[in-house]
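# A closer look at the structure
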Number of protein chains: 2
Amino acid sequence: MEKLKKYVSVKDEDHFYHQGAVELLIFNFLLILTILTIWLFKNHRFRFLHETGGAMLYGLVMGLIIRYVTKSPDVESGTVYECEKLKSGPSTLLINITNQVYEYQYKREISHHNVNGHQGNAMLQKMTFDPSIFFNILLPPIIFHAGYSLKKRHFFRNLGSILTYAFLGTAISCIVIGLIMYGFVKAMVHMGQLKQGEFHFTDCLYFGSLMSATDPVTVLAIFHELNVDTDLYTLLFGESVLNDAVAIVLTHSISIYSPKENPNAFDAAAFFQSVGNFLGIFAGSFAMGSSYAVVTALISFMHLTKFTKLCEFPMLETGLFFLLSWSAFLSAEAAGLTGIVAVLFCGVTQAHYTYNNLSPDSKMRTKQLFEFMNFLAENVIFCYMGLALFTFQNHIFNPLFIFGALVAVFVARASNIYPLSFLLNLGRKQKIPGNFQHMMMFSG
Amino acid sequence: MEKLKKYVSVKDEDHFYHQGAVELLIFNFLLILTILTIWLFKNHRFRFLHETGGAMLYGLVMGLIIRYVTKSPDVESGTVYECEKLKSGPSTLLINITNQVYEYQYKREISHHNVNGHQGNAMLQKMTFDPSIFFNILLPPIIFHAGYSLKKRHFFRNLGSILTYAFLGTAISCIVIGLIMYGFVKAMVHMGQLKQGEFHFTDCLYFGSLMSATDPVTVLAIFHELNVDTDLYTLLFGESVLNDAVAIVLTHSISIYSPKENPNAFDAAAFFQSVGNFLGIFAGSFAMGSSYAVVTALISFMHLTKFTKLCEFPMLETGLFFLLSWSAFLSAEAAGLTGIVAVLFCGVTQAHYTYNNLSPDSKMRTKQLFEFMNFLAENVIFCYMGLALFTFQNHIFNPLFIFGALVAVFVARASNIYPLSFLLNLGRKQKIPGNFQHMMMFSG
């Protein structure tokens, strides 16, 4: 029996190396369930629930199960230790515990609210995965696929409207949400739910800019399924992709305005600086994405000429295509630009130039590969969104704030879409606005 | 200027979310270089360097560059802190630093040798990636693809020889390496390079069992390229895949024998227990892998019958196939079995049953997908092996020990292959041994 115990402890040690297997298995399980559900839905032509909703629902249920069933409290993780010598939180902490040095890696700041109610559930902590995985691995294939399968004609025909929505619309949305939330925050202070000076106007604007970034993933998934009018699809998709860039820069510029000393000041220089900065980031990302695509196109063009034979090795061609397109995203991120814009324009350019240079075998391979990665990434994201509701531990729920946010976002959408559609219609005289009811429904 | 500084610091904060972009970009860059090199080699029919060697070489150069060019010393990471209250290293450490609680995650133990010479290069630390990524994400596609494209007839015809090599051969190799290393360790103690009692005989055996796990990845990559005799390929591949399982259990059982109190004792009960345990793990992994494959086969068979139509959605079919096969590996790991064995037999069974049930479109999609993933994973691993030589920070280089290890492994291979091949030949009377010169060359 003693021997067996030792063996088990050795095995546990070994399991340290295979950590992550259980978490990946849970995601796999959710995805398998989702695929089977999609299949069932498609077979029986169910319409009352979209597949993405199914994925989210499964994630939600799994999150509930993990939260309330797997109670594996890590005894020590609930207690907070103190080190007198430490002045700030280093990214890597070396700590001496009973003559053995251990390395710890920085994970996050914890609010005091959270320390007291710290659950210490190891499983929960593992399931709340890195934002860096989402950004660097799951997002690029979705946006790239969108760009790659984009109807270019429609996109460029509607470029004016798309840019108006993306630039002007996001700014309006941000300001409207900020103003309404400021009203609600004032009310909360009045009701004693919040201390005076805890939430400034700039914080409300910050929230507004965060909320103004509409999600291209859901829009793409649902619109693609519904086979909506191509102009409407392009308009909404173009806006939702580009306004991420706008929202990011807005968030930056607002966070400049909010030093603790003078939170309500307005600084014209900083304002124009961030406008210039935005244009720089946008142009840089565009250039980065397009140039990667042009390089890929040149390489694939070279193989068409006599002195190289990449077409004989479709896997190498596919691999190169895949890696260069992904690099467009990563390079943009590494250079401080927005990867989303880079990979979107990379996809558009790849579809325009590289695709026609590929061998027939590679054409099909790349198309199927990107389709498959898009499918997987999309479903992982929806499952995760469901999971996160119960597994993410930093939530503070305030009913009034949530209600305020819902009202603000709804009003902002309306104040954004109606005037702009009116404005654009005067200029273009086309019959799109009949669909704006739809648009509001989905983007809200 | 002050404003600009603030802006930069805000941007840096944002970059915290996109960490990993630079590291992924470096890998992408290495892979792109490797693909271009492979293409060049294939075009000019170069034979003097295999592509995998190229990938490793690029990784090596990149490791050197990262090590000696990017000096970004993290000032605080070199100092070791003490916490009196801490008795052992928890997996999650909450620490209070100037009234703000930070969460740190356990990363590894650090030897005292290493603390003093701790480089504190943040880039290096990031590039030494998790073993869990290697195990859970990079390894399964390679082994699965090997099983999926295995010539079953040859595998089962040579099953006896494969099992003899895997079981008996690995045990012999472990013991021979252990004995030789013990001799070298004695010599090192004699020369004063090592203290008496720092390295026991069981530690030498432990080293022997680690060294006895031959690498299936290299063998597959090189043999596939050289188009060697199928029987030889199957024999060596089968042995190198199965002996991982043997080596893992050997390592376990040896670590049972080495409690500090009585390091040289032999315990028959523990010995037979680990033999039984090995058989259990092996049978369990086999059952796990095969049952996942059977489930996939049943689902894909169902769609052939009239009441389901999965074949109309080849992407769903491909997705399900991919996820279920990966789950075979993850389930085995999560259950404490060996995922390699599970995913190998999953691949073999999938090729036998599921493949024939797939729609023609899915047949091609899955084949190309697994081929592509195998190709990428293989090249990432070789690049990483090159990188790791300079970026992994726990190496202690001792020339005599390295020389001893080389001699021991060489002798063990010889003592393993010649007697066994002689033994097997008596039983089977076939003309394989002419190739054993080859075999030694590659597996050594």
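This one's a predicted model, so the numbers in the text were calculated from it and none came from an experiment.

What follows covers the overall build of chain A. What chain A contains, in helices and strands, is 17 helices and three strands. Counting every position in chain A, which comprises 444 residues, the buried fraction comes to 53%. Long-range contacts, defined here as pairs at least 24 residues apart, represent 81% of the contacts in chain A between residues at least 6 apart. Surface accessibility of chain A: about 20700 Å² in total, with carbon and sulfur atoms responsible for 66%.

So, about the pattern of salt bridges. All told, the structure shown has six salt bridges over all chains when counted by the stated rule. A salt bridge links arginine 365 of chain A to glutamate 371 of chain B, with the shortest nitrogen-to-oxygen separation between them at 3.6 Å. With arginine 365 of chain A in helix α15 (residues 360–391) and glutamate 371 of chain B in helix α15 (residues 360–391), this residue pair bridges two chains. For arginine 365 of chain A, a relative accessible area of 11% puts it in the buried group. Connected via shared salt-bridge partners are Asp361 and Arg365 of chain A together with Lys367 and Glu371 of chain B.

Following both chains from N to C, one finds helix α13 (residues 314–334) of chain A and helix α2 (residues 21–44) of chain B inclined at 150°, their axes separated by 9 Å at the closest point. Taken together, α13 of chain A and α2 of chain B sit at an angle that is classed as roughly antiparallel. Between α13 of chain A and α2 of chain B lies a crossing of left-handed hand. Residues Leu316, Gly319, Leu320, Leu323, Leu324, Trp326, Ser327, Leu330, Ser331, Glu333 and Ala334 of chain A of α13 of chain A form the contact with α2 of chain B, whose own contacting residues are Ala21, Val22, Leu24, Leu25, Asn28, Leu31, Ile32, Ile35, Leu36, Ile38 and Trp39 of chain B.

On to the packing of aromatic side chains. All names here are of chain B. As enumerated under the stated definition, the model contains 30 aromatic pairs over all chains in all. Measuring from centroid to centroid gives 6.3 Å for phenylalanine 167 and phenylalanine 282, while their planes differ by 70°, and the two rings are edge-to-face. Residue phenylalanine 167 is located in helix α8 (residues 159–190), and its partner phenylalanine 282 is located in helix α12 (residues 268–302); the two are separated by 115 residues in the primary sequence. For phenylalanine 282, a relative accessible area of 17% gives the class buried. Pairing phenylalanine 321 with phenylalanine 370 gives two aromatic rings, centres 5.5 Å apart and planes at 75°, and the pair type is edge-to-face. Remark: phenylalanine 370 occurs in helix α15 and phenylalanine 321 occurs in helix α13 (residues 314–334); sequence separation between them is 49 residues. Neither residue differs from the other here; phenylalanine 321 and phenylalanine 370 are each classed as buried.

Let us look at the nonpolar core. Counting residues in hydrophobic clusters, the biggest one holds 141 residues, and the most contacted among them are Phe322 of chain A together with Phe322 of chain B. Counting residues in hydrophobic clusters, the runner-up holds 13 residues, among them Met188, Cys204, Phe401 and Ala408 of chain A.

Glancing now at the packing of α2 of chain B against helix α3 (residues 51–68) of chain B. Residues and elements named next belong to chain B. In the contact formed by α2 and α3, the axes pass within 9 Å of each other and the chain directions differ by 145°. Here α2 runs over α3; the crossing is right-handed. On α3, the residues that touch Ile26, Phe29, Leu30, Leu33, Thr34, Thr37, Ile38 and Lys42 of α2 are Glu51, Ala55, Tyr58, Gly59, Met62 and Ile66. The class makeup of the residues in the contact of α2 with α3 is nine nonpolar, three polar and two charged.

So, about the side chain of asparagine 357 of chain B. Relative to the assigned elements, asparagine 357 of chain B resides in helix α14 (residues 339–357). Among the polar contacts made by the side chain of asparagine 357 of chain B, one reaches the main-chain carbonyl oxygen of alanine 297 of chain B at a distance of 3.2 Å.

Bringing a nonpolar patch on the surface into the picture now. Taken together, Val61, Leu64, Ile65, Tyr68 and Val69 of chain A make up a surface patch of nonpolar side chains, about 470 Å² in accessible area. Exposure remark for valine 69 of chain A: the relative accessible area of 60% places this residue in the exposed category.

All names here are of chain A. Taking 1.5 Å of rise per residue, the 32 residues of helix α8 (residues 159–190) would be expected to cover 46 Å, and the 46 Å separating its terminal C-alpha atoms lies within 8% of that figure. Taken as a whole, α8 carries its principal kink of about 30° at glycine 169. In the segment just after α8, glycine 192 is the residue with positive phi, at about 80°.

Okay, the environment of isoleucine 32 of chain A next. With respect to the secondary-structure elements, isoleucine 32 of chain A resides in helix α2 (residues 21–44). We classify isoleucine 32 of chain A as buried; its relative accessible area is 12%. If we skip the residues at most four places from it in the chain, isoleucine 32 of chain A touches Leu320, Leu323, Leu324 and Ser327 of chain B.

It is worth spelling out the environment of tyrosine 355 of chain B at this point. Residue and element names in this part refer to chain B. Mapped onto the secondary structure, tyrosine 355 falls in helix α14. What makes tyrosine 355 partly exposed here is its relative accessible area of 25%. Distance from tyrosine 355 to threonine 202, taken between C-alpha atoms, is 46 Å for residues 153 residues apart in sequence. Not counting residues within four places of it along the chain, the set of residues in contact with tyrosine 355 comprises Tyr148, Gln350, Lys363 and Lys367.

Before going further, it helps to spend a moment on the confidence of the model for chain A. Residue and element names in this part refer to chain A. On average, chain A scores 73 in pLDDT, and the residues at 70 or more come to 65%. Model confidence for chain A, summarised as mean pLDDT per element, is weakest for helix α1 (residues 2–15) at 37 and strongest for α13 at 89. Across residues 1–17, where pLDDT falls below 50, the model places 24 contacts with residues more than four positions away in sequence or in other chains. The ipTM assigned to the predicted complex is 0.73, against a pTM of 0.74.

Here is what the cut-offs are and how they apply
- Residues numbered from 1 in each chain as written.
- Chains lettered and ligands numbered in written order.
- Predicted model: local features only at pLDDT ≥ 70, side-chain atom pairs only at ≥ 80, totals over all residues.
- Heavy atoms only, no water.
- Helix = DSSP H or I, 4+ residues; strand = E, 2+ residues; numbered from the N terminus.
- Buried < 20%, exposed > 50% of the residue type's maximum accessible area, 1.4 Å probe, protein only.
- Contact = heavy atoms within 4.5 Å.
- Areas by Shrake-Rupley, 256 points an atom, 1.4 Å probe, with all protein chains shown as cover.
- Salt bridge = Lys/Arg side-chain N within 4 Å of Asp/Glu carboxyl O.
- Axes fitted to C-alpha atoms, helices over the stretch in contact; angles between N-to-C directions.
- Parallel < 35°, antiparallel > 145°, perpendicular 65-115°, else oblique.
- Left-handed = near helix turned anticlockwise from the far one by under 90°.
- Phe/Tyr/Trp six-rings, centres within 6.5 Å; stacked < 30°, edge-to-face > 60°.
- Core = buried A, V, L, I, M, F, W, Y, C linked by side-chain atoms within 4.5 Å.
- Nonpolar A, V, L, I, M, F, W, Y, C, P; charged D, E, K, R; others polar.
- Polar contact = N/O pair within 3.5 Å; in protein donor to acceptor, adjacent residues only side chain to side chain.
- Patch = residues over 30% accessible without salt bridge, like charges linked within 9 Å, V, L, I, M, F, W, Y side chains within 5 Å.
- Expected span 1.5 Å × (residues − 1).
- Bend = angle between axes of the 7 residues up to and from the residue.
- pLDDT = per-residue confidence, 0-100.

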